[in-house]
Amino acid sequence: MSRVAIIGAGIGGLTTAIGLQRHGWDVSVFERAPASSPVGAGLSLFANGFRALDLLGAGDAVRTIAGPAPQHLTTGQRRRDGRWLATTAPEAISALRVVHRADLHRVLAGLLEPGTITYGKKVDGVPGGYDVVVAADGLRSPTRGTPVRYRGYTSWRGVTTRPVDLLGGAGESLGRGERFGLASLPDGRVYWFGVVSLPAGTEFPDEYAEVRRRFDRWHAPIADVLDATDPATVVRTDIHDVAALPSFVRGTTVLLGDAAHAMTPDLGQGANLALEDAATLTHFLGALPIDAALDAYDRTRRPRTQALSRKARTLGRLLQSRSPLRDALLRLTPAAVATRELTGIQAWSQPGVPSGHS
Ligand SMILES: Cc1cc2nc3c(=O)[nH]c(=O)nc-3n(C[C@H](O)[C@H](O)[C@H](O)COP(=O)(O)OP(=O)(O)OC[C@H]3O[C@@H](n4cnc5c(N)ncnc54)[C@H](O)[C@@H]3O)c2cc1C
């Protein structure tokens, strides 16, 4: 039986473990945190993410926590006073669900054989004695070993403690160098994020008070959403990405998820791409000798993930822009163009085994 060590029990590590265990691999996951501890925030899962979960055999389990599409919500971009700049065609996001990260981790970990994950185990270097080592150790992956790049903006995320009426609208509202996002979770609680352009290393004595100072006077129900949030649960995250790597593979060690291609969160695709990575790596390792499988993984995953990373960075720059031209551009972009872009990103399917192998 082939043996794999997976460094990191994030979304990428957990789903790779699920996929390889289903292919009969002996899987060990090592996680430095003492227990599963995802940040208290939401996560958008798109059609491509669900397709990858289905290939991994985890789609139905995740659908139980994802719920149906929220009804009667217009989504898109608004001004800070609430006037719409652009709305998203419902067909472009019919598969989109926003889930709580803690629910997703719980469901994914529950699909693994008991004892697969060792918590409180920080891996230094590449562990020996395995046929393959998967480094799913996130943005600051020591295995990758290249620096992260601060992209000039920071974020705060939170989830309300109770349902809040979104008054029919979701998506992002745009100020000058500032944004606020709203999304409905399946139980009616609201996942929100605030994004602000700031010099690297800026700190505030009270992060929640800073969010309120900046966004309280924006359109309803933003102040109500912040009222319904426990200040102690608000998470601050500076936005980084990593430079494109020449390869995701070193010998029999393979980078996956943010370790390979951390990107700015502007497309909401980072975790979805980690799911695609997991489905693709699993597929190739199930069908090909190890060297050929890792090579096929690298060749299929790098172009797509690096192109989407560039796209996310460009979109982030536009959305954080202080220029009034930004609003004009959003207003004037035909809905059909935006729809094509969104559906194009989600139109991912599992590549086949390269010819020459059976
Ligand atoms: C503000 C923000 C909002 C986002 N919103 C979305 C969204 O809506 N939709 C979306 O698809 N993506 C989103 N993303 C991106 C998404 O969070 C990431 O792409 C995704 O979590 C990556 O998963 P991962 O498993 O690769 O890495 P991680 O989730 O970072 O997991 C890495 C794991 O490795 C562990 N680890 C690290 N080093 C070691 C070590 N040496 N030994 C053992 N364990 C180790 C860590 O503790 C961690 O548990 C967002 C990101 C940010 C910053």
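Residues numbered from 1 in each chain as written. Predicted model: local features only at pLDDT ≥ 70, side-chain atom pairs only at ≥ 80, totals over all residues. Heavy atoms only, no water.

Some points on the side chain of threonine 75
- In this structure, threonine 75 sits in strand E4 (residues 74–79).
- Side-chain polar atoms of threonine 75 contact the backbone oxygen of alanine 170, separated by 3.3 Å.
- Look past the residues within four positions of threonine 75 in its chain and what remains in contact with it is Trp84, Ala86, Thr87, Thr88, Ile93, Ala170 and Gly171. (Helix = DSSP H or I, 4+ residues; strand = E, 2+ residues; numbered from the N terminus. Polar contact = N/O pair within 3.5 Å; in protein donor to acceptor, adjacent residues only side chain to side chain. Contact = heavy atoms within 4.5 Å.)

A short note on the side chain of threonine 154
- Relative to the helices and strands, threonine 154 is located in strand E9 (residues 148–159).
- Side-chain polar atoms of threonine 154 contact the side chain of arginine 236, separated by 2.7 Å.
- In this structure the side chain of threonine 154 is engaged in a polar contact, spanning 2.4 Å, whose partner is the side chain of aspartate 238.
- Once residues within four sequence positions are removed from consideration, threonine 154 is found in contact with Gly194, Val195, Val196, Leu198, Arg236, Thr237, Asp238 and Ile239.

A word on the site of the ligand
- Around the ligand, 28 residues are found, and the nearest of them are Gly12, Glu31, Arg101, Asp258 and Ala271.
- In the model, a nitrogen atom of the ligand is placed 2.9 Å from a nitrogen or oxygen of the valine 123 main chain.
- Aspartate 258 places a polar side-chain atom, nitrogen or oxygen, 2.7 Å from an oxygen atom of the ligand.
- Within the complex, the protein chains bury 86% of what would otherwise be the 1,000 Å² of accessible surface of the ligand.
- Listing elements by their share of the shell around the ligand, those giving two or more residues are helix H1 (11–22), strand E2 (26–31), strand E3 (42–45), E9 and helix H8 (270–287).
- In terms of residues, the shell around the ligand owes the most to one element, H8, which gives three residues.
- Counted by class, the shell around the ligand contains eight nonpolar, twelve polar and eight charged residues. (Near = heavy atom within 4 Å. Areas by Shrake-Rupley, 256 points an atom, 1.4 Å probe, with all protein chains shown as cover. Nonpolar A, V, L, I, M, F, W, Y, C, P; charged D, E, K, R; others polar.)

Remarks on the sheet that holds strand E5 (residues 84–87)
- A sheet is described by the order of its strands in space; here seven strands give the open sequence E5-E4-E10-E11-E12-E9-E13, paired in mixed fashion. Of all strands in the sheet, those with a lone pairing partner are E5 and strand E13 (235–242), marking the two edges. Going from strand to strand, the sheet's axes swing by 25° on average, the running direction of each strand aside.
- Here strand E11 (residues 178–184) pairs with strand E12 (residues 190–197) via seven bridges, running antiparallel. From the neighbouring strand, serine 184 faces E12, where its bridge partner is valine 190.
- Sheet strands touched by helix H9 (residues 290–319): E9, strand E10 (169–174), E11 and E13. Its angle to E9, the strand with the most contacts, is close to 70°. (Pairing = 2+ DSSP bridges. Axes fitted to C-alpha atoms, helices over the stretch in contact; angles between N-to-C directions.)

Quick word on the packing of aromatic side chains
- Applying the stated criterion across every chain, the model contains six aromatic pairs.
- Ring centres 6.5 Å apart and planes at 50° place the aromatic pair phenylalanine 248 and tyrosine 297 in the tilted group. Linking phenylalanine 248 in the loop between E13 and strand E14 (249–250) with tyrosine 297 in helix H9, this pair joins segments that are 49 residues apart in sequence. Exposure class is identical for phenylalanine 248 and tyrosine 297. Each is buried.
- Feature note: the residues Phe180, Trp192, Phe215 and Trp218 constitute an aromatic cluster, connected by ring pairs. (Phe/Tyr/Trp six-rings, centres within 6.5 Å; stacked < 30°, edge-to-face > 60°. Buried < 20%, exposed > 50% of the residue type's maximum accessible area, 1.4 Å probe, protein only.)

Structural notes on the environment of arginine 101
- Topologically, arginine 101 is positioned in helix H4 (residues 101–110).
- By relative accessible area, arginine 101 is classed as partly exposed at 21%.
- Between the C-alpha atom of arginine 101 and that of leucine 288, which follows or precedes it by 187 residues, the distance is 33 Å.
- In contact with arginine 101, other than residues within four places in its own chain, are Pro38, Val39, Ala41, Gly42, Leu43 and Arg157.

What about helix H11 (residues 335–346)?
- Between its terminal C-alpha atoms H11 stretches 17 Å, which fits the 16 Å expected from twelve residues at 1.5 Å a residue.
- Those residues of H11 that fall on the buried side of the exposure criterion are Thr339, Ile345 and Gln346. Viewed end-on, H11 has its buried residues packed into an arc of 135°, placing them on one side of the element.
- Buried-residue contacts for H11 involve helix H2 (47–55) and H9. (Expected span 1.5 Å × (residues − 1). Arc of directions from axis to C-beta.)

What to know about the packing of H8 against H9
- Two elements in contact, H8 and H9, have axes whose closest approach is 8 Å; the angle formed by their N-to-C orientations is 160°. The angle between H8 and H9 falls in the class roughly antiparallel. Considering only the axes of H8 and H9, their crossing is right-handed. Contacts between H8 and H9 involve Leu273, Glu276, Asp277, Thr280, Leu281, Phe284 and Leu285 from the first element and Ile290, Ala293, Leu294, Ala296, Tyr297, Thr300, Arg301, Arg304, Thr305 and Leu308 from the second. (Parallel < 35°, antiparallel > 145°, perpendicular 65-115°, else oblique. Left-handed = near helix turned anticlockwise from the far one by under 90°.)

So, the sheet that holds E2
- Spatially, E7-E2-E1-E8-E15-E14 is the arrangement adopted by the six strands of the open sheet, whose pairing is mixed. Edge positions in the sheet fall to strand E7 (117–119) and E14, since each has one partner strand and no second.
- The pairing of E2 with E7 spans three bridges and is parallel. The residue of E7 that forms the bridge with phenylalanine 30 is threonine 118.

Looking at the pairing of E9
- Across seven bridges, E9 lies against E13 in antiparallel orientation. What sits directly across from serine 155, in E13, is threonine 237.
- Bridging between E9 and E12 involves seven bridges; their strand directions are antiparallel. Residue pairing across strands places valine 159 opposite tyrosine 191, the latter belonging to E12.

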